[in-house]
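What follows is the residue order along each chain.
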Amino acid sequence: MSIQVDFKHAESFVQDCEFEAIAPQVALAHEMLHNRTGIGNDYIGWLTLPTDYDREEFRRIESVAKQIQSDSDVLIVIGIGGSYLGARAAIEFLKSQHYNVLPKETPDIYFAGNTISPASLKELLMICKGKRVSINIISKSGTTIEPAIAFRVLKDFLEKEYGKEEARKRIYCTTDKAEGTLKQLADAEGYETFIIPDNIGGRYSVLTAVGLLPIAVCGADITAMMQGAADAQQAYNNTQLKENPCYQYAALRNILNRKGKDIELLVSYEPCYTMMCEWWKQLYGESEGKEQKGIFPASAIFSTDLHSIGQYIQEGKRTIFETVVLFEKPKYDILVKNSLDNADGLNFLQGKPVSYINQKAFEGTVLAHHDGGVPNIVIQVSDFSEYSLGYLIYFFEKACAVSGYLLGVNPFNQPGVESYKKNMFALLDKPGYEDAKQQLKARLKK
């Protein structure tokens, strides 16, 4: 396996009998998933995606990625939520948070349409001026306001820079296979299109064209990613709780939740994991936060955040448990050298790799937090390879689905997400929202 899960820093917070009691519930969740009898079963295409994905589209993704690499200095990925988080997380994980400024032979990749900030959009236009630019717009409908605004502005930019004919060769749409505003526009304009599968929700879509095209543009090996996910699919197809670390993670977090641990803090000691934390937060928050249930997903990067929220974790309310993602092999390493004056007092670390010091920071922290009453689950990942990333993505996706069923919610819908949109559309005078507008204005005046 590319992943090992260590529960020894959480064992004192649970009893063996609790695992025995939850095991039949886990087995039932497995059966509901694999027999497609559970709630939300129309959206579990991700379950077998690593082995039954569309090979022809996959080859087109690789071909288009090479085209963008050859004719573009910048790729702008337009999307929000699951339409951009997975791709950005993968690129920063595999390459760097500083991908755009490091020397490379692939295009810079920027993300737009995930905010309504005019400053963010204007600055992106300034970055693109004078550069060869392509766009990947990702939207099931084409009408979600954040990416729709960005696409309107950036499409206009491309057409002014290149003319309409050349611009249409630089616009790639990832959207519904048959319906929606964006699909209609793509067909009318002749844009190259890729499909968002009907049976896979946005937060589970990173291993579809939604994530794979931008990831391929950065030069990553998406075949290896899919192989990692395929191996995880096989490894975690086991109803026995004692033999399935993925299900053990799902079970333990639910046991802890039933004991009042309402907040899960996902932790990494590598800053390049920051956006993976953001992807994970959407995956779990949107899947579980329903019917006044669910574990609140938060995240931190240590040791950085130990100097900000570390005090609360150590001695605040005992409502937190931590899941720590560690990596066996660092991307790079640096040795601490001897200093003649030893002004900083660090000569005792002479000859030590910085990765060794980082490991000791983890070991000291996990023991301190455990002693402070904070359970810790440790997920050990082999390395920062594409294979390991695919494996890890599938691990979290399947654990999330099982965990949702254990909570008794539909882990594949997100009805609450629409509430803010309806209010915003009403306040923006969108046709069809007149009655709601009057009600909201009256409430805002109070």
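Refer to the preceding data block for the structure.
Residues numbered from 1 in each chain as written. Predicted model: local features only at pLDDT ≥ 70, side-chain atom pairs only at ≥ 80, totals over all residues. Heavy atoms only, no water.

Considerations on the pairing of strand 6 (residues 192-195)
Using the following cut-off: In this analysis, strands are considered paired if DSSP registers two or more bridges between them. Where helices and strands are cited, they refer to DSSP runs of H or I of at least four residues and of E of at least two residues respectively, numbered from the N terminus. With the strands aimed away from the viewer, a crossover counts as right-handed if its path from the first strand over the helix to the second runs clockwise.
Two elements, strand 5 (residues 171-175) and strand 6, share four bridges in a ladder whose sense is parallel. Within strand 6, the residue paired with Thr 174 across the bridge is Phe 194. Where the polypeptide runs from strand 5 across helix 8 (residues 181-189) and back to strand 6, its parallel neighbour, the crossover connection is right-handed.

Quick look at the nonpolar core
For the record, the criterion: Nonpolar cores are built from buried Ala, Val, Leu, Ile, Met, Phe, Trp, Tyr and Cys residues. Side-chain atoms within 4.5 Å join them into one set. Each residue gets one of three labels from its accessible area relative to the maximum for its type: buried under 20%, exposed over 50%, partly exposed in between, using a 1.4 Å probe on protein chains only. The criterion used for residue contact is that any of the two residues' heavy atoms lie within 4.5 Å.
Counting residues in hydrophobic clusters, the biggest one holds 98 residues, and the most contacted among them are Trp 46, Ile 215, Tyr 273, Trp 279 and Phe 396. Look past the residues within four positions of Phe 396 in its chain and what remains in contact with it is Tyr 249, Leu 266, Tyr 273, Trp 279, Trp 280, Leu 283, Tyr 284, Val 325 and Ile 379. The next biggest cluster of nonpolar side chains, apart from the first, holds 21 residues, and it includes Leu 121, Phe 151, Ile 171 and Cys 173.

So, the pattern of salt bridges
So the rule is basically this: We define a salt bridge as a side-chain nitrogen of Lys or Arg found within 4 Å of a carboxyl oxygen belonging to Asp or Glu.
In the structure shown here, the tally under the stated rule is 24 salt bridges. With a closest N to O distance of 3.1 Å, Asp 176 and Lys 140 form a salt bridge. On the criterion of sequence distance, the pair formed by Asp 176 in the loop between strand 5 and helix 8 and Lys 140 in the loop between strand 4 (133-138) and helix 6 (145-162) is long-range, its members being 36 residues apart. A residue is classified by how much of its surface remains accessible, and Asp 176, at 11% relative accessible area, is buried. We classify Lys 140 as partly exposed; its relative accessible area is 33%. The partner of Lys 293 in a salt bridge is Glu 291, and the shortest N-O contact between them spans 3.9 Å. Of the residues examined, Glu 291 reaches a relative accessible area of 58% and is grouped as exposed. Here the salt bridges do not stand alone but share partners, grouping Lys 140, Asp 176, Lys 177 and Asp 198 into one network.

Examining the sheet that holds strand 8 (residues 296-301)
Stated formally: Every axis corresponds to a line fitted to the C-alpha atoms, with the helix fit spanning only the stretch in contact, and the corresponding angles, defined between N-to-C directions, vary from 0 to 180 degrees.
Strand order in this open sheet of five strands is 1-10-9-7-8, and the pairing throughout is mixed. The strands lining the two open edges of the sheet, one partner per strand, are strand 1 (3-6) and strand 8. The average angle at which neighbouring strand axes cross in this sheet is 20 degrees, direction not considered. The strands touched by helix 11 (residues 245-258) within the sheet are strand 1, strand 7 (263-268), strand 9 (320-327) and strand 10 (376-381), with strand 9 carrying the most contacts at an inclination of about 155 degrees.

Remember that the coordinates give geometry; whether it matters functionally is a separate question.
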